[in-house]
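Secondary and tertiary structure notes
Residue-level listing of the chains:
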Amino acid sequence: MSPHPTIRRDLLPDVLRGFALFGILMVNLSYFSNHSSSGIRGEDVVGLGNSVATVIMITLFQGKFYLLFSFLFGYSSYYVTKGEKAGRPRFALRALVLIALGAIHFTLLWHGDILFLYGVFGLLLLAFMFRSERVLKVWAWVLWGFSTLLWVSLSLLTWLAEESGFDLGEFTNGLDDVMRSGTFTEAIQPRLELWVIGVPNGLLLQGGLAFGAFLVGVLAARKGVLGANSLALRTGTMLRWGFGVGLPLQLLAAALYVTNEVSGAPSEAVYLGSLTLGFMTAPLLSMGYLAVIALLVRKNSPGVAWMRYPGRASLTNYLLQSVFLSIIFGAWGLGLFQALDYWVAMVIAVAVYAVLAGASALWFRRFTQGPMEALVATLSRRNRSASNDQ
């Protein structure tokens, strides 16, 4: 982590990562602050402040930023391999390191960890990384279609079950109790149970979208559209689709979600239907976000340029977000789990992001890598002084 002569980095990927970290934090928040397995639901949504906060979260954040982060993972993979097949062993080793870090993360801090799956998907990506542009595009569309089919099928099956009077039951897990009054070590077992249950669901319902974003990221890296060829981005088209079509659909999904949750007799089918609409159209708004950030970076806007600092240390910041939220809401810290209105928790999350962003800026006054980035570099035998991973 000592200072080294730096090779020029493209600004846009770092800013996008910093932006994506904020969105991921806002989505993860509800599982740390309200319900470990279901996030923000039922009575947590009641009240003007909580309802507005939920609409904001679902409309602007849920499903959009993990796609953006996945896109950036695919993009950076091209630079890790330097676009050559000879770089595959190095990339595979980095993927294995992510799997190990993810296992530690989901065991000790956050059962919604993405590092483990990113490592697994990274190994799978090796089979696609050097395929033709047409193959990557076809697979991205196939994965989106498959995910859509799964979401729609699950929603319809749930509706049929409700109409038939079938009792869907309610999933319970002991992590909520531990978050309220347990210890840090007592949280490990129920957290692992949630992870084991959540991984298959995540792979089936969101894994296809994430891996599809990986493939799109690889295509973007080949064309250099986040770097020297950023003018090739069709920002006008992206803005029209993202905010003209994607944003209204996301707002509709949020309205369905909140209306259902505050109805007094929420339907699981409507709940899943709102998620289906939100997740399947999320790529549109993610695309719109990318266009906005790209335009602001082109104009050297100070309003977004500062995000490059947390973005350059995205792994470090991602893990520290979990550390902060665990301490703030866990009984072993400030003990604020289920003790605050959701909108108040969102304000706290914004403050956490600001603190970590400021700390990142101070860190990069002296160092060229974040601490966890340096660790991964060491474990994957990376030449830190001559790298320009994006």
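Structure: see above.
Structural notes, computed from the coordinates. Because the structure is a prediction, the values reported are computed rather than measured. (Residues numbered from 1 in each chain as written. Predicted model: local features only at pLDDT ≥ 70, side-chain atom pairs only at ≥ 80, totals over all residues. Heavy atoms only, no water.)

**Section: helix α4 (residues 88–108)**
For α4, spanning 21 residues, the distance from its first C-alpha to its last is 30 Å, which sits close to the expected 30 Å at 1.5 Å a residue. Of all the residues in α4, the buried ones are Arg 90, Phe 91, Ala 92, Arg 94, Ala 95, Val 97, Leu 98, Ile 99, Leu 101, Gly 102, His 105 and Phe 106. Contact partners of the buried residues in α4: α3 (65–80), α5 (115–125), α8 (188–223), α13 (314–329) and α15 (371–379). (Helix = DSSP H or I, 4+ residues; strand = E, 2+ residues; numbered from the N terminus. Expected span 1.5 Å × (residues − 1). Buried < 20%, exposed > 50% of the residue type's maximum accessible area, 1.4 Å probe, protein only. Contact = heavy atoms within 4.5 Å.)

**A word on the side chain of Asp 113**
Along the chain, the position of Asp 113 falls in the loop between α4 and α5. Within the structure, the side chain of Asp 113 is placed 3.1 Å from the backbone nitrogen of Leu 115, a separation counted as a polar contact. Here Asp 113 is in contact with Gly 102, His 105, Phe 106 and Tyr 318, once residues within four sequence places are set aside. (Polar contact = N/O pair within 3.5 Å; in protein donor to acceptor, adjacent residues only side chain to side chain.)

**Focus: unusual backbone geometry**
Although it is not a glycine, Asn 300 adopts a positive phi angle of roughly 55 degrees. Within the fold, Asn 300 resides in the loop between α10 (268–298) and α11 (302–305). Phi at Gln 338 takes a positive value of approximately 60 degrees, unusual for a residue other than glycine. Its location among the elements puts Gln 338 in the loop between α13 and α14 (342–363).

**Quick look at helix α6 (residues 133–163)**
Relative to the 45 Å expected for 31 residues at 1.5 Å per residue, α6 spans 45 Å between its end C-alpha atoms, a close match to the ideal helical length. Taken together, the buried positions of α6 are occupied by Val 135, Leu 136, Ala 140, Leu 143, Ser 147, Thr 148, Trp 151, Ser 155, Thr 158 and Ala 161. Where α6 is buried, its residues contact α8 and α10. Looking one or two residues past α6, Gly 165 carries a phi angle of roughly 80 degrees, positive in sign.

**So, the layout of surface pockets**
Of the voids in this model, the second largest pocket is the one considered here, and its volume is about 1,300 Å³. Forming the boundary of the second largest pocket are 30 residues, of which Trp 141, Val 216, Met 238, Pro 283 and Met 287 lie nearest the centre. Of all the secondary structure elements, the ones that give two or more residues to the lining of the second largest pocket are α3, α6, α8, α9 (235–261) and α10. In terms of residue count, α8 provides more of the lining of the second largest pocket than any other element does, 8 residues in total. Split into classes, the residues belonging to the lining of the second largest pocket amount to 22 nonpolar, 5 polar and 3 charged. (1 Å grid on protein atoms, 1.4 Å probe; cavity = no way out; pocket = protein on both sides within 12 Å on 5 of 7 lines; lining within 4 Å. Points joined across faces, edges and corners; volume = space filled by probe spheres on them. Nonpolar A, V, L, I, M, F, W, Y, C, P; charged D, E, K, R; others polar.)

**Remarks on the pattern of salt bridges**
Any two side chains of opposite charge can pair, on the condition that their charged atoms come close. Following the criterion strictly, the structure yields 6 salt bridges and no others. One salt bridge connects Asp 14 with Arg 17, and the closest N-O pair in it is separated by 3.2 Å. Highlighted residues: Asp 14 and Arg 17, both in helix α1 (residues 11–33), separated by 3 residues, approximately one helical turn. On the accessibility criterion, Asp 14 (2% relative accessible area) is buried. Notably, a salt bridge pairs Glu 133 with Lys 223, separated by 3.3 Å at the nearest N-O pair. A residue pair is termed long-range when its members are at least 10 positions apart, and Glu 133 in helix α6 and Lys 223 in helix α8 qualify at 90 residues. Through salt bridges with shared partners, one network takes in Arg 41, Glu 261 and Glu 268. (Salt bridge = Lys/Arg side-chain N within 4 Å of Asp/Glu carboxyl O.)

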